[in-house]
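# An overview of the molecular structure
Listed here are the chains, written in short residue letters.
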Amino acid sequence: MDRLRNEIKRTNRQHRKLVKRDRREEDLKPYQVELLKLQSHLEHTDKRMIVLFEGRDAAGKGGTIRRVTRYMNEKHYRVVALGKPTDDQRTQWYLQRYVAQFPHGGEMVLFDRSWYNRAMVEPVFGFCTQKEYDDFLRGVGGFEKDLVRQGTALVKLYFSVTKKEQQRRFERRRDDPLRQWKLSEIDLQAQEHWDDFTTHKYEMLRRSHTSHTPWTVIRSENKHKARLNAMKVILNSVDYDDRNPDLDFVPDPKIVLSGAHEVELMEADRLRRGKFQG
């Protein structure tokens, strides 16, 4: 009887969890409909759009990309996640292999990590020189400003997760055979290099957040809220037709903040605690 009771409790927990997950997915659907309208607008106006998904490992970038694109027309969007550069690519202009993936008219390209690898991952792990790092941060603002000036809509999203939550997600990946493929050697070193990543996050936001190409920071402790609010940010970036007047497009200020505000918060933390947080 005890075994039966425990099995019933386990089954009930699983059922409640599935119901809750289905309810969250239903909450996203009105915004996924709006994303289809946005995609149609890009197609009919020949507009180009790039969305960057940056942030620490396990911050929720991939899950958000899957929800954003779930119902989209595959002919008019691409998800780009570039691997290590080839020997030939290492001799090219750093941005060249990213530019090769840029959208044509009517297309949206979503970068799962982007040229900002040079601002965080590469310097932390010694994959670039100090000069290459400095040159990148010195020039990226002008590059992006010119990109926007020539008609490309650029949305830069940084997903921010706490050290404790990142560790919890890593442990889940390690223990779940369906998620183990997500855990890389670099992921395993992410906690060890937490402070290094935080310092480079600060420098990246401070030096590449501009009025023309701002960063939007998404607090991603709660994956569902992060996904919902990221959709709102993307939808608000382009003035498309037939927007649903009954839908709330205002991002939650507890979840979404500007890159400039995040820099201010990090500087205040450093003054209070002697080092950056987050």
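Now for a quick tour of the structure. These numbers come from a predicted model, not from an experiment.

Calculation rules
- Residues numbered from 1 in each chain as written.
- Predicted model: local features only at pLDDT ≥ 70, side-chain atom pairs only at ≥ 80, totals over all residues.
- Heavy atoms only, no water.
- Helix = DSSP H or I, 4+ residues; strand = E, 2+ residues; numbered from the N terminus.
- Rg over C-alpha atoms; globule rule 2.2 N^0.38 Å.
- Buried < 20%, exposed > 50% of the residue type's maximum accessible area, 1.4 Å probe, protein only.
- Contact = heavy atoms within 4.5 Å.
- Areas by Shrake-Rupley, 256 points an atom, 1.4 Å probe, with all protein chains shown as cover.
- Pairing = 2+ DSSP bridges.
- Patch = residues over 30% accessible without salt bridge, like charges linked within 9 Å, V, L, I, M, F, W, Y side chains within 5 Å.
- Salt bridge = Lys/Arg side-chain N within 4 Å of Asp/Glu carboxyl O.
- Axes fitted to C-alpha atoms, helices over the stretch in contact; angles between N-to-C directions.
- Parallel < 35°, antiparallel > 145°, perpendicular 65-115°, else oblique.
- Left-handed = near helix turned anticlockwise from the far one by under 90°.
- Nonpolar A, V, L, I, M, F, W, Y, C, P; charged D, E, K, R; others polar.
- Phe/Tyr/Trp six-rings, centres within 6.5 Å; stacked < 30°, edge-to-face > 60°.

## Some points on the overall build of the protein chain
Of regular secondary structure, the protein chain possesses 11 helices and six strands. Taking 19 Å as the expected radius of gyration for a compact globule of 278 residues, we find that the protein chain reaches 20 Å, a close match to that expectation. Dimensions of the protein chain, computed from C-alpha atoms along their principal axes, come out at roughly 70 × 50 × 40 Å. By residue count, 45% of the 278 residues in the protein chain fall in the buried class. In the protein chain, the proportion of contacts linking residues at least 24 apart, taken out of those at least 6 apart, comes to 77%. Element-wise, carbon and sulfur atoms account for 49% of the exposed surface of the protein chain, whose accessible area totals about 15500 Å².

## Considerations on the pairing of strand β3 (residues 108-112)
A large share of β3 lies buried, amounting to four of its five residues. Relative to β3, strand β1 (residues 48-55) is paired through five bridges, and the arrangement is parallel. Bridge pairing links Val51 to Leu110 in β3.

## A short note on the side chain of Thr198
With respect to the element layout, Thr198 can be found in helix α9 (residues 194-208). Sequence-distant contacts of Thr198, that is, excluding residues within four places in its chain, are made with Arg56, Met266, Phe276, Gln277 and Gly278.

## Here we look at a nonpolar patch on the surface
Taken together, the side chains of Met1, Leu4 and Ile8 define a hydrophobic patch exposed on the protein surface, amounting to about 340 Å² of accessible area. Looking at the element boundaries, Met1 is found in the segment before α1 (2-45).

## Notes on unusual backbone geometry
The phi dihedral of Ala58 falls on the positive side, at around 70°, and the residue is not glycine. In this structure, Ala58 sits in the loop between β1 and α2 (61-69). Here Asp242, not a glycine, exhibits a phi torsion of approximately 65°, which is positive. Here Asp242 is to be found in the loop between α10 (223-236) and β6 (256-258).

## A word on the sheet that holds strand β4 (residues 152-160)
The strand order across the open sheet built from six strands is β2-β3-β1-β4-β5-β6, with neighbouring strands paired in mixed fashion. In this open sheet, the two edge strands, each paired with only one partner strand, are β2 (77-80) and β6. Strand-to-strand twist in this sheet, taken as the mean axis angle between neighbours without regard to direction, amounts to 20°. Judged from the eight bridges that link them, β1 and β4 form a sheet pairing that is parallel.

## Notes on the packing of α9 against helix α11 (residues 259-273)
Direction vectors running N to C along α9 and α11 enclose 135°, while the axes themselves pass 9 Å from each other. Here α11 runs oblique to α9, going by the angle between their axes. At the point where α9 passes α11, the crossing takes the left-handed sense. Between α9 and α11, the residues in contact are Thr198, Lys201, Tyr202, Leu205 and Arg206 and Gly259, Glu262, Val263, Met266, Glu267 and Arg270, respectively. Looking at side-chain class alone, the contact of α9 with α11 contains four nonpolar, two polar and five charged residues.

## Some words on the pattern of salt bridges
Side chains bearing opposite charge may pair, as long as their charged atoms lie close to each other. Considering all chains together, one arrives at 24 salt bridges under this definition. The salt bridge partner of Glu26 is Lys29, with a shortest N-O separation of 3.0 Å. With Glu26 and Lys29 both in helix α1, this residue pair falls three residues apart, about one helical turn. Overall, Lys29 belongs to the partly exposed group, its relative accessible area being 34%. Via salt bridges that share partners, Glu25, Arg67 and Arg70 belong to a single interconnected network.

## What about the packing of aromatic side chains?
Taken as a whole and assessed by the stated rule, the structure comprises 17 aromatic pairs. Where Phe102 meets Trp115, the ring centres are 5.6 Å apart and the plane angle is 55°; that geometry is what we call tilted. Taken together, the residues Phe102 in the loop between α4 (96-99) and β3 and Trp115 in the loop between β3 and α5 (121-125) connect sequence positions 13 residues apart. Trp115 shares its class with Phe102; the two are buried. Connected via pairs of aromatic rings, a cluster forms that spans Trp93, Tyr94, Tyr98, Phe102, Phe111, Trp115, Tyr116, Phe136, Phe143 and Trp215.

## Details of the environment of Val161
Within the secondary structure, Val161 is located in the loop between β4 and α7 (163-175). Remark: the alpha-carbon pair of Val161 and Ala58, spanning 103 residues in sequence, is separated by 8.1 Å. In contact with Val161, other than residues within four places in its own chain, are Arg56, Ala59, Gln166, Arg169, Trp194, Ser220 and Glu221.

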